[in-house]
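Each chain is listed here by its residues.
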Amino acid sequence: MAEECFNASLLEKEYSTVPQHEEENSLALVVPLDQNAPIIASYNDRIRPLLDTVDSLRHLMITREGIQLPTIVVVGDQSSGKSSVLESLAGINLPRGQGICTRVPLIMRLQHQPLPQPELVLEFNGKVVKTDEEHVSEAINLATDEIAGLGKGISNAPLTLEVRKNGVPDLTMVDLPGITRVPVHGQPEDIYDQIREIIMEYITPEESIILNVLSATVDFTTCESIRMSQMVDKSGERTLAVVTKSDKAPEGLLEKVTADDVNIGLGYVCVRNRIGDESYEEARVEEAKLFETHPMLSKIDKSIVGVPVLAQRLVQIQAKSIARNLPAIVKSINEKLNLNVAELKRMPKKMSSLSEAMTVFMQIIGSAKESLRKILLRGEFDEYPDEKKMHCTARLVEMLNQYSDELHTNAAGNPAKNFLMEEIMVLEETKGIGLPNFLPRTTFLTVLQRKVNGISSIPISFAEKVWNYVEEVVISVIMHHSDNYHQLQSSFRRAGHNLIAKMKERSVNWVMEIVEMEKQTDYTCNPEYLSDWNKLMGQQDFFMKEVLNDEEWPSKVKLEGFGEIEVEKLRQFPHVLQQAFDMKMRMTAYWKIVLKRLVDFMALHLLLSVGNLVNKEFEREIVNELMGPGGGIERMLDESPSVTAKRLKINKSIELLKKSKEVVAKIMD
């Protein structure tokens, strides 16, 4: 590649460092008195190979692979004289008439040859049609009708005209339809939008050189072609303007091309259109005389007037552009070829037997299981570095923390509100004949069951939420690993849904059992219960004294862990107040244990369930689904249409890129 870049840079330097005096001398060579002399002198033997290389790539339609080619794109408003300029460069007659003459992109390949007999060939729709100078205009019209249809509509499908003729410059140009805003009879209403879309497609790539044809009879700043070219080339560094009809509006032309109000970076060339039955040789002589003798036009610098100068400038710009862009083209071809080859290798091999399909099927399950182990069990997410949803262990911890917070928030409420009132009401309703000051166990269980019922929906909702998330992850992993086997994905998806539905049902049933166990009895061996209860009961004497014996009868009492408590209404129940306080403190200490159990058990249950899902249930469920009746493992033998189409597309791209690589290799040798 280094050698390729070196050669190309030499070429670019060669085409961009012509001293001004040498350029003027060379231009003098291309305005010969002999009317049969070539329109441009032989600039360099290497121009033709460079141009042939790009033309071959264009013929291969390498642009379909996203690789742009250096291209001279000819644009201009309707009636700007665009056809006349191209006729003068090619020395042939192009279609003329009212309205749009060019209805398709016309790729003009001009090639100088010493033979006296010109060779003209049209290529379109896979056809090759030979013609001659006398019939070329008619042949172009017939080809255009076949491409774009009869009438005045346009098409983006190109028509190639190859002109091998003595005296023409070695150039390849793309002539686009002339810009018109108002549709005439027979043209579609959106003709302007259609033309604009084609033009923008061709002039937008940085590799394109814009040849903007402007009529001397109009204000350049009002030209639609100028507006379009400025949209993609604001600096004008790849825009060259050719000014036609110089003899029709010589007044102020010098000022217009020197002031450059429209920012034409590559400069202007003024030309005279061929008039009437003039031959192209006669037209060149008349043009030279015009710019030599006209009182106004003769003041324009000779380095920017005449069709020969235009040809010289285009050849020079084209060669420089090709030399500059060729290394990047070669690099893009190699990169895209490697990418396509790699993608083809990644595609599934077509299978011919059930055993082969079974092997691939087990490979899919194995790779999916390993991915699930990494993201659900081991916390590794190298397969999904930028998809936070797939960083499962972190997401599960976040969900568990949210569950714990919700439990504690819901259970806590306002601890000072209606302090002891629930306990007093329950004690009043569960009292019986027996020893006084004895705390009935049924009373404690009644309050406990009410509290458990109050939070019972939270663990169930959490279990469902977790399995909904795990289902998304499992389905995503299965779909990813079976991406090339679309005929099986519905079965894989169904198996995933069924598996998660079973796991969810088990978890919900387990959670409901845990909740029921907490309601069934009060038990813990956790020493924190007695420790917390004793600490809380240490405030009982203070509380009872403040409520029942304080002569000031305070309305509020402050207790640690509860805040300020309204105590006036508690004085109505002196006979059960001590029991109620004891039960409240027991419940407060025990409730902390209950909430911790609900969180800890849930965490352990999820770890066990997710581990079983990945290590045991996943493979069993998938195999049962696809190997069972109607599972359709045999469908793996039938490649899906989308995969077949993708394989065909990649193979076509590889074939095209290989041919392109062979083409550029010749010029680089």
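Looking up the protein chain in an unreviewed UniProt entry gives the name Dynamin-type G domain-containing protein, with the organism given as Fagus sylvatica.

A.B. asks: How do you make sense of the overall build of the protein chain when you look at a structure like this?
C.D. replies: In terms of helices and strands, the protein chain carries 20 helices and eleven strands. Here the protein chain holds 669 residues, and the buried ones make up 50% of them. Taking the contacts inside the protein chain whose residues are at least 6 apart along the sequence as the reference set, 80% of them involve residues at least 24 apart. Accessible surface, the protein chain as shown: approximately 33,300 Å² in total, 52% of it carbon and sulfur.

A.B. asks: How do you make sense of helix H13 (residues 421–430) when you look at a structure like this?
C.D. replies: An α-helical turn contains 3.6 residues, so any two residues separated by three or four positions project in the same direction. Those residues of H13 that sit buried are Met421, Glu423, Ile424, Val426, Leu427 and Glu428. Those residues of H13 that are buried lie in contact with helix H14 (441–455) and helix H19 (577–627).

A.B. asks: Hey, could you run me through the pairing of strand S2 (residues 106–112) in this one?
C.D. replies: Along a regular strand, successive side chains alternate from one face of the sheet to the other. Taking burial as the measure, the seven residues of S2 include six buried ones, the bulk of the element. Looking at chain direction, S2 and strand S5 (residues 159–165) are connected through seven bridges and run parallel. Residue pairing in the sheet places Leu106 in a bridge with Leu159 of S5. Here S2 runs beside strand S6 (residues 171–175); their pairing, made up of five bridges, is antiparallel. Looking across to S6, one finds that Leu106 is bridged to Asp175.

A.B. asks: Can you walk me through the nonpolar core in this structure?
C.D. replies: Generally speaking, a soluble globular protein has its nonpolar side chains buried in company with each other. Ranked by internal contacts, the top residues of the largest apolar core, which has 89 residues, are Phe419, Phe543 and Leu570. With 22 residues, the single largest contributor to this core is H19. Contacts of Phe543, omitting those with residues within four sequence positions, involve Phe419, Leu420, Val557, Leu559, Val567, Leu570, Leu577 and Phe581. If you look at the next biggest cluster of nonpolar residues, it comprises 43 residues, including Leu94, Val168, Ile209 and Val309.

A.B. asks: Is there a simple way to explain the pairing of strand S3 (residues 119–124) in this structure?
C.D. replies: Among the six residues in S3, five count as buried, and that is most of the element. Here S3 pairs with S5 via five bridges, running antiparallel. Residue pairing for S5: Glu123 is matched across the bridge by Thr160. Strand direction decides the pairing type here: S3 and strand S4 (residues 127–131), joined by five bridges, are antiparallel. Bridge pairing in S4 places Leu120 opposite Thr131. Counted between consecutive antiparallel strands, the loop separating S3 from S4 contains two residues, among which Asn125 sits at a positive phi close to 50°.

A.B. asks: How should I be thinking about the environment of Leu266 in this particular structure?
C.D. replies: Along the chain, the position of Leu266 falls in the loop between helix H8 (253–259) and strand S9 (268–270). Sequence spacing of Leu266 and Ile317 is 51 residues, and the spatial spacing of their C-alpha atoms is 8.9 Å. When neighbours within four sequence positions are excluded, Leu266 is seen to be in contact with Ile209, Gly236, Glu237, Arg238, Thr239, Leu240, Arg313 and Ile317.

A.B. asks: What's the story with a nonpolar patch on the surface in this structure? I'm lost.
C.D. replies: Together, Phe601, Leu604 and Leu607 make up an exposed nonpolar region whose accessible area comes to about 320 Å². By the element assignment, Leu604 lies in helix H19.

A.B. asks: When you look at the sheet that holds S3 in this model, what are you seeing that I'm missing?
C.D. replies: Backbone hydrogen bonds are what pair the strands of a sheet, in a parallel or an antiparallel way. On the basis of which strands lie adjacent, the open sheet formed by nine strands has the order S4-S3-S5-S2-S6-S1-S7-S8-S9 and mixed pairing. Two strands lie at the open edges of the sheet, namely S4 and S9, each paired on one side alone. Neighbour-to-neighbour, the strand axes of this sheet turn through a mean angle of 20°, independent of strand direction. In this fold helix H5 (residues 136–148) packs onto S3, S4 and S5, with an angle of close to 5° to the strand it touches most, S3.

A.B. asks: Help me understand the packing of helix H11 (residues 354–378) against H19, please; the structure alone is not making it clear to me.
C.D. replies: To describe two helices that pack against each other, one gives the angle between their axes and the distance between the axes. Put simply, H11 and H19 touch, their axes get as near as 10 Å, and they point 155° apart. Relative to H19, the element H11 is oriented roughly antiparallel. Seen along the crossing, H11 lies across H19 with a hand that is right-handed. Contacts from Met358, Phe361, Met362, Ile365, Ala368, Lys369, Leu372, Arg373, Leu376 and Leu377 of H11 reach H19 at Val610, Gly611, Leu613, Val614, Asn615, Phe618, Glu619, Ile622, Val623, Leu626 and Met627. Residue classes in the contact of H11 with H19 are distributed as 16 nonpolar, two polar and three charged.

Reading guide: rules and limits
Residues numbered from 1 in each chain as written. Predicted model: local features only at pLDDT ≥ 70, side-chain atom pairs only at ≥ 80, totals over all residues. Heavy atoms only, no water. Helix = DSSP H or I, 4+ residues; strand = E, 2+ residues; numbered from the N terminus. Buried < 20%, exposed > 50% of the residue type's maximum accessible area, 1.4 Å probe, protein only. Contact = heavy atoms within 4.5 Å. Areas by Shrake-Rupley, 256 points an atom, 1.4 Å probe, with all protein chains shown as cover. Pairing = 2+ DSSP bridges. Core = buried A, V, L, I, M, F, W, Y, C linked by side-chain atoms within 4.5 Å. Patch = residues over 30% accessible without salt bridge, like charges linked within 9 Å, V, L, I, M, F, W, Y side chains within 5 Å. Salt bridge = Lys/Arg side-chain N within 4 Å of Asp/Glu carboxyl O. Axes fitted to C-alpha atoms, helices over the stretch in contact; angles between N-to-C directions. Parallel < 35°, antiparallel > 145°, perpendicular 65-115°, else oblique. Left-handed = near helix turned anticlockwise from the far one by under 90°. Nonpolar A, V, L, I, M, F, W, Y, C, P; charged D, E, K, R; others polar.

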